[in-house]
Amino acid sequence: MKRIRALIAAKSNFATETTLSGSFALRHMHIAKEQGYRIVLYYIGLEDVQMHIDRVASRVEQGRTFVGDMVNLFKT
């Protein structure tokens, strides 16, 4: 998050990955756009919902993502 703020402040080009689950990404997209950035979003979807659930569960197990009990809500 600090890095993104710094890149925007320095007017550097950058790319980032987000789930858009929180407000940080959208808020900083607006800030960047106000500062002259061109915002481009690419949506990458998987073949089925279970693949998404498994991907998030794997990232949680590796400590790379925190979604708490949300993963358990979607497990079948």
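These lines cover the structure that appears in this document, whether it is placed above or below.

What counts and how
Residues numbered from 1 in each chain as written. Predicted model: local features only at pLDDT ≥ 70, side-chain atom pairs only at ≥ 80, totals over all residues. Heavy atoms only, no water. Helix = DSSP H or I, 4+ residues; strand = E, 2+ residues; numbered from the N terminus. Buried < 20%, exposed > 50% of the residue type's maximum accessible area, 1.4 Å probe, protein only. Contact = heavy atoms within 4.5 Å. Areas by Shrake-Rupley, 256 points an atom, 1.4 Å probe, with all protein chains shown as cover. Phe/Tyr/Trp six-rings, centres within 6.5 Å; stacked < 30°, edge-to-face > 60°.

### Overview of the overall build of the protein
On a plain count of helices and strands, the protein comes out with four helices and zero strands. Along the protein, helices and strands appear, N-terminal first, in the series α-α-α-α. Relative to its full complement of 76 residues, the protein shows a buried share of 17%. Restricting to contacts in the protein with at least 6 residues of sequence separation, those with at least 24 account for 24%. As displayed, the protein has an accessible area near 6700 Å², and 56% of this comes from carbon and sulfur atoms.

### A closer look at the packing of aromatic side chains
Given two aromatic rings, their pairing is described by the distance between the two centres and the angle made by the two planes. Here the structure, examined in full by the defined rule, presents one aromatic pair. Ring centres of Phe14 and Tyr37 lie 5.9 Å apart, and the angle between their planes is 65 degrees; this geometry places the pair in the edge-to-face category. In this pair, Phe14 is assigned in the loop between helix H1 (2-9) and helix H2 (24-34) and Tyr37 in the loop between H2 and helix H3 (49-61), connecting sequence segments 23 residues apart. Look at Phe14 and you get partly exposed, because its relative accessible area is 32%.

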